[in-house]
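# Chains, contacts and geometry: an overview
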Amino acid sequence: MSISLPETFAKLPRYPLLYPYPSPIHPLPALTRHLNHSPKSTRAVSLFAKREDHSSPLACAGNKYRKLEYIVPDILANSSPNGSGVATTTTLVTEGAIQSNHTVQVASVARQLGLEAIVILHKATGGGLTASSDKTAFLRTGNVQITRLLGAEVRTLEDSSTVDEGDPITPILDELRARGKVPYWIPSGASLHPLGGLGYARCAFEIAAQEKEQLGEGGRFDYVFVACGSGSTVGGLIAGFKLLQKMETQGNKTEKVIGRKVIGILNSRTKPREYHEGRVLNFTRRAAHLIGLDPERDVTPGDVHLDDRFAGTAYGVLDSDVKQTLEFMAQQEGVILDPVYTVKVMRGAMHWIQEGELERDWSHHSDPSSNQSRVNALFIHSGGQSALSAYADIE
């Protein structure tokens with residue numbers, strides 16, 4: 001399946017880390033039947049999953065590889081000061097929580113590029129370690145074990161606020177430089193990287209290309225549910241869909257073109273929802289600028305929709321709702337979710353459909369003249385199942 005990008009977007013350097021075909025989208029029929037039995041909804045909703053956990057041949061495929069596709073060219077272009085054009089990066093350095101998916105994928109990319117990797121894991125990030133009934137296993141198994149298998153050096157920090165006036169990273173980068181290494185810093189989740197949103201802006205075009213195959217002529221995914229952690233996955237999707245909407249509007253002068261609505265499900269309560277909304281808006285506008293949109297005119301605060309009701313007790317913490325959703329999806333659809341991100345997204349999507357919120361929202365912003373009898377919702381499965389073995393409380 002070919003993906004046609006506008007010229008400005010298509011010219012951006014990208015290093016392929018994914019399969020040469022789109023990650024699959026498939027229906028969730030058992031879940032769709034279950035959710036449509038709700039008396040609170042009169043309009044049928046079809047739920048689908050986009051399997052980003054099946055997107056790459058590299059270790060623990062997930063959403064970070066899309067982001068890294070646009071960052072790798074910058075890594076390789078990190079040339080020596082004399083302008084020789086010879087890439088001198090020796091070491092990728094990144095950070096995350098103990099069971100971070102991002103750090104595994106950075107370590108895997110380092111292997112692909114023939115580089116070293118240093119992964120910095122923060123014990124104090126989130127509540128997964130504190131809540132674990134087997135802290136030794138939490139620190140050793142799951143993503144930590146896989147990161148070490150990939151040959152990365154893992155450094156565990158107790159509390160970043162006690163190291164070098166709150167900055168534990170600069171001393172590590174300085175140490176590497178003193179040893180003659182050339183480190184390349186990738187922030188947690190790659191969101192703070194200037195190119196962090198581009199992968200999911202491209203994913204929006206991939207989803208649009210798959211709609212006809214899944215939904216028939218004229219069909220589209222009206223809602224896209226996705227995890228919001230560091231924020232650039234959500235921001236990239238919004239930017240990509242805004243560009244698609246602008247292109248569709250220019251090509252259709254007779255009908256109103258309604259954009260696909262991205263709903264980010266927050267997985268942490270460490271900051272208020274308004275903080276995350278501002279952060280995602282900034283990421284969206286940054287990606288929008290790079291792909292050819294006017295970031296201020298084409299992207300507004302009203303384009304960012306985040307829901308913080310399903311964050312649970314804390315980042316990475318299992319509660320009864322999380323366990324129930326994990327079991328329900330496994331037993332109804334044979335689909336395994338991860339305990340940190342996708343399980344909370346699925347809880348959110350199910351709530352929106354069962355409680356009639358999706359139908360009410362659709363009625364509010366859809367074209368009144370539309371006779372569309374079914375709404376299509378897409379769940380983004382961003383991977384992360386490799387962390388499950390660290391959660392001894394899951395039986």
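The model shown is predicted, which means the values in this text are computed figures rather than measured ones. (Residues numbered from 1 in each chain as written. Predicted model: local features only at pLDDT ≥ 70, side-chain atom pairs only at ≥ 80, totals over all residues. Heavy atoms only, no water.)

Check the secondary structure of the protein and you find 14 helices and ten strands. For the protein, whose C-alpha radius of gyration is 21 Å, the value lies close to the compact-globule estimate of 21 Å for 395 residues. The dimensions of the protein, computed from C-alpha atoms along their principal axes, are 65 × 50 × 35 Å. The proportion of buried residues among the 395 residues of the protein is 55%. (Helix = DSSP H or I, 4+ residues; strand = E, 2+ residues; numbered from the N terminus. Rg over C-alpha atoms; globule rule 2.2 N^0.38 Å. Buried < 20%, exposed > 50% of the residue type's maximum accessible area, 1.4 Å probe, protein only.)

A separate point is the pairing of strand β7 (residues 223–228). Judged by how many residues are buried, β7 sits mostly within the fold: six of six residues are covered. Direction of pairing for β7 relative to strand β8 (residues 261–266): parallel, over a ladder of six bridges. Bridge pairing in β8 places Ala227 opposite Ile265. (Pairing = 2+ DSSP bridges.)

Per the UniProt record, the feature "modified residue: N6-(pyridoxal phosphate)lysine" (unreviewed entry) sits at Lys64. Secondary-structure assignment places Lys64 in helix α3 (residues 64–76). Filtering out sequence-adjacent residues up to four positions away, Lys64 remains in contact with His102, Gln105, Gly189 and Ser230. (UniProt positions renumbered as here; feature names shortened; annotations may be inferred. Contact = heavy atoms within 4.5 Å.)

Before going further, it helps to examine the pattern of salt bridges. Summed over the entire model, instances satisfying the criterion amount to 26 salt bridges. In this structure, Glu206 and Arg66 form a salt bridge, with 2.6 Å as the shortest nitrogen-oxygen distance. On the criterion of sequence distance, the pair formed by Glu206 in helix α9 (residues 198–215) and Arg66 in helix α3 is long-range, its members being 140 residues apart. Across this residue pair, the class does not change: Glu206 and Arg66 are buried. When the shortest N-O distance is used, the salt bridge between Glu116 and Lys181 registers 2.9 Å. Taken together, the residues Glu116 in strand β4 (residues 116–122) and Lys181 in the loop between α8 (169–178) and β6 (183–186) connect sequence positions 65 residues apart. The class of Glu116 is partly exposed, set by a relative accessible area of 35%. Here Lys181 falls in the partly exposed class, since its relative accessible area comes to 23%. A network of salt bridges, in which partner residues are shared, links Lys50, Glu52, Arg66 and Glu206. (Salt bridge = Lys/Arg side-chain N within 4 Å of Asp/Glu carboxyl O.)

Using the criterion set out here, one finds zero disulfides in the structure. With no disulfide partner, Cys203 has as its closest neighbouring cysteine sulfur the one in Cys228, 16 Å distant. A residue is classified by how much of its surface remains accessible, and Cys203, at 0% relative accessible area, is buried. (Disulfide = S-S within 2.5 Å.)

Here the focus is the sheet that holds β4. Strand order in this open sheet of four strands is β5-β4-β3-β6, and the pairing throughout is parallel. Looking at the sheet topology across the chains shown, the edges are occupied by β5 (153–157) and β6. Direction aside, the axes of adjacent strands within the sheet are offset by 25° on average. Sheet contacts for α3: β3 (91–97) and β6; angle to β6, the most-contacted strand, approximately 155°. Across the sheet, α8 lies against β3, β4, β5 and β6, angled at about 160° from β6, the strand it touches most. (Axes fitted to C-alpha atoms, helices over the stretch in contact; angles between N-to-C directions.)

Per the UniProt record, "active site" (unreviewed entry) is annotated on Ser100. Tracing the chain through its elements places Ser100 in the loop between β3 and α4 (101–113).

A separate point is the packing of helix α12 (residues 320–333) against helix α13 (residues 342–354). At their nearest, the axes of α12 and α13 sit 9 Å apart, and the two run at 85° to each other. Classified by the interaxial angle, the pair formed by α12 and α13 is roughly perpendicular. Contacts from Asp321, Val322, Thr325, Leu326, Phe328 and Met329 in α12 reach Val343, Lys344, Met346, Arg347 and Met350 in α13. Looking at the contact of α12 with α13, its residues break down into seven nonpolar, one polar and three charged. (Parallel < 35°, antiparallel > 145°, perpendicular 65-115°, else oblique. Nonpolar A, V, L, I, M, F, W, Y, C, P; charged D, E, K, R; others polar.)

This part is about the environment of Arg155. Relative to the elements of secondary structure, Arg155 occurs in strand β5. The spatial distance from the C-alpha of Arg155 to the C-alpha of Gly126 is 17 Å, given a sequence separation of 29 residues. Apart from the residues lying within four places of it in its own chain, the contact partners of Arg155 are Ile118, Val119, Ile120, Leu121, Ile172, Glu175 and Arg179. A polar contact is formed between the side chain of Arg155 and the side chain of Glu175, at a distance of 2.9 Å. (Polar contact = N/O pair within 3.5 Å; in protein donor to acceptor, adjacent residues only side chain to side chain.)

The pairing of strands in a sheet happens through backbone hydrogen bonds and is either parallel or antiparallel. The sheet built from six strands is open, its strands ordered β1-β2-β10-β7-β8-β9 with mixed pairing. Because the sheet does not close on itself, it has two edges, and the strands there are β1 (25–27) and β9 (305–307). Shown here is a sheet whose adjacent strand axes are inclined to one another by a mean of 30°, direction ignored. Bridge count for β7 against strand β10 (residues 374–381) is three bridges, and the pairing is parallel. Bridge pairing in β10 links Phe225 to Phe379. The strands that α9 touches are β1, β2 (44–51) and β10; relative to β2, the one it contacts most, it runs at about 125°.

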